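# Topology and contacts: notes
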Amino acid sequence: MKKVLGIVGSARRLGNCEIMVKEVFRGLDQPCELRLLRLTDFRIEPCRGCYACLFKDGTCSIGDDCSVVVDAIAAADALILAAPAYFLGAHSSLKRFLDRGLAFYSALDRLWGKPAVGVAIAGVPGLEGSTLLGVENFLKMVLADVRQTRVVYGAMPGEIFLNEDNRAAARSLAGSLFGTRVPKTAPCCPLCGGDTFRFLGPGRVRCMLCSNAGTIRMENGTAVVEIEKSDHQLFLTRQDVLDHKAWLVGMKERFMSLRKTLKPITVDYRKEGSWVKPHQTTTSHGQNEDDAP
Ligand SMILES: Cc1cc2nc3c(=O)[nH]c(=O)nc-3n(C[C@H](O)[C@H](O)[C@H](O)COP(=O)(O)O)c2cc1C
């Protein structure tokens with residue numbers, strides 16, 4: 001029996017995200033086991049940017065719950081993610097976990113290519129901001145194979161299913177998890193399916209999901225987007241992950257060779273300004289600001 005992991009990006013018990021994940025699960029056309037993971041239940045510390053996880057055995061030096069979440073994703077055969085819009089973006093629990101993503105590369109074999117669907121849930125129609133992008137980015141960065149994503153609206157717990165269309169959306173998401181991929185109907189990036197773009201200049205755009213650039217033009221009243229691959233992909237293929245990791249590892253050598261040049265640049269700023277301190281004097285990474293190099 002396949003194991004499905006439902007990832008809930010909201011602290012609200014039996015809120016819209018939780019019931020959406022469970023409704024998608026109910027729609028699966030084969031018997032599966034549902035495991036649930038509420039991201040806000042886990043102690044996920046900020047990444048320290050030490051890059052240690054890229055070396056040795058690939059473990060992170062922070063002793064929190066990050067690896068529990070990685071292991072739960074790795075143990076699943078498929079993922080269902082739902083996250084709420086908070087201030088026009090996906091709930092911070094998603095990003096907090098993603099910021100630890102350097103540690104995901106050493107779990108590549110266990111993570112790569114799991115079928116996944118994602119739902120962005122916003123309380124006010126049209127006020128989802130970048131929530132869908134956050135949901136899709138999460139699934140891509142945990143190296144999943146995104147089969148379909150949706151935005152649905154509902155503010156009060158349960159409100160999403162006052163609208164029958166949202167149950168139909170859940171059924172469609174369920175159908176695509178192990179079945180046919182459902183591409184977006186609106187114009188989107190032909191490489192990754194992202195539909196959020198930054199305008200770079202006349203006719204040029206960058207896809208905010210895969211970061212590749214290209215052109216946008218109108219053809220018979222429809223926007224046509226063409227995007228070209230760059231030479232640094234995050235991550236259209238498994239090899240892209242290995243290449244990116246190798247590039248990061250190479251940065252260590254580059255840093256070592258430039259260290260003496262870089263040091264005086266930073267040290268020049270050491271005494272500038274005074275720091276506002278938290279109540280506790282140690283930072284979340286256990287270092288006193290006064291001791292910081
Ligand atoms: C702090 C906070 C910020 C929110 N920001 C937005 C927002 O920017 N846009 C929006 O449409 N809804 C916003 N909402 C509403 C939630 O996205 C909505 O209620 C959603 O259904 C919550 O999912 P849940 O029940 O799983 O927690 C916000 C809710 C909270 C508590």
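All chains use their own residue numbering, which begins from 1 and follows the written sequence. Side-chain atom pairs in this predicted model are given and counted only at pLDDT of 80 or more, local residue features only at pLDDT of at least 70, and totals for whole chains, interfaces and linings cover all residues. For side-chain calculations, the full set of non-hydrogen atoms in the structure is used, while hydrogens and water are omitted.

The protein chain is annotated in an unreviewed UniProt entry as NADPH-dependent FMN reductase-like domain-containing protein from Desulfosarcina widdelii.

Moving on, we come to the packing of aromatic side chains. When the centres of two rings from Phe, Tyr and Trp lie within 6.5 Å, Trp using its six-membered ring, the rings pair. Their planes under 30 degrees apart give stacked, over 60 give edge-to-face, and anything left gives tilted. A full pass over the atoms with the stated rule returns three aromatic pairs. A ring pair is formed by Tyr 105 and Phe 235, whose centres lie 5.7 Å apart and whose planes are at 75°; its orientation type is edge-to-face. Taken as a pair, Tyr 105 in the loop between helix H3 (92-98) and helix H4 (108-111) and Phe 235 in the loop between strand E10 (222-227) and helix H7 (238-267) lie far apart in primary sequence, 130 residues in all. Comparing Tyr 105 with Phe 235 shows no difference in burial state: the two are buried. The structure contains a cluster of three or more aromatic residues connected by ring pairs, namely Phe 97, Phe 104 and Phe 138. A run of H or I in DSSP counts as a helix once it spans at least four residues, and a run of E counts as a strand once it spans at least two, with each numbered from the N terminus. Only protein chains enter the accessibility calculation, which uses a 1.4 Å probe; a residue is then buried when its area is under 20% of its type maximum, exposed when over 50%, and partly exposed in between.

A word on the site of the ligand. Throughout, the term near means that a residue has one or more heavy atoms lying within 4 Å of the molecule or strand in question. Contacts to the ligand come from 17 residues, most closely from Ser 10, Ala 85, Leu 88, Leu 127 and Gly 154. We define a polar contact as two N or O atoms separated by no more than 3.5 Å, with the added condition that, inside protein, one atom must be a possible hydrogen donor and the other a possible acceptor, whereas residues neighbouring each other in sequence contribute only through side-chain atom pairs. Arg 12 places a polar side-chain atom, nitrogen or oxygen, 2.8 Å from an oxygen atom of the ligand. Between an oxygen atom of the ligand and a main-chain N or O atom of Gly 154, the distance comes to 2.7 Å. Of all the elements in the fold, those that place two or more residues in the shell around the ligand are helix H1 (16-26), strand E3 (78-86) and strand E5 (115-122). Broken down by element, the shell around the ligand gets its largest block of residues, three residues, from E3. Partitioning the shell around the ligand into residue classes produces eleven nonpolar, five polar and one charged. All residues other than Ala, Val, Leu, Ile, Met, Phe, Trp, Tyr, Cys, Pro, Asp, Glu, Lys and Arg, Gly among them, are scored as polar; the first ten of these are nonpolar and the last four charged.

On to the UniProt feature "domain: NADPH-dependent FMN reductase-like" (unreviewed entry) in the protein chain, then. Taking the numbering used here, the UniProt-annotated feature "domain: NADPH-dependent FMN reductase-like" (unreviewed entry) corresponds to residues 3-124. Its end C-alpha atoms 33 Å apart, residues 3-124 is made of 26% helix and 26% strand. UniProt positions are given in the numbering used here, feature names are shortened, and annotations may be inferred rather than shown by experiment.

This brings us to the side chain of Asp 240. Position of Asp 240 relative to the elements: it lies in helix H7. Buried and unpaired, Asp 240 has Lys 229 as its nearest opposite-charge partner, separated by 6.4 Å. Contacts were defined at the residue level, with two residues in contact if any of their heavy atoms lie within 4.5 Å. Once residues lying within four places of it in the same chain are set aside, the contact partners of Asp 240 are Gln 233 and Phe 235. In this charge count, Lys and Arg are treated as positive and Asp and Glu as negative; neither His nor the chain ends contribute. A carboxyl oxygen of Asp or Glu within 4 Å of a side-chain nitrogen of Lys or Arg is what we treat as a salt bridge.

Moving on to the state of the cysteines. Whenever a pair of cysteine sulfur atoms sits within 2.5 Å, that pair is classed as a disulfide. Tallied over the entire structure, the rule returns zero disulfides. Left without a disulfide partner, Cys 47 is nearest to the cysteine sulfur of Cys 50, which lies 6.7 Å away. Between Cys 189, a cysteine without a disulfide, and Cys 192, which holds the nearest cysteine sulfur, the sulfur-to-sulfur distance is 3.7 Å. Owing to a relative accessible area of 2%, Cys 189 belongs among the buried residues under this scheme.

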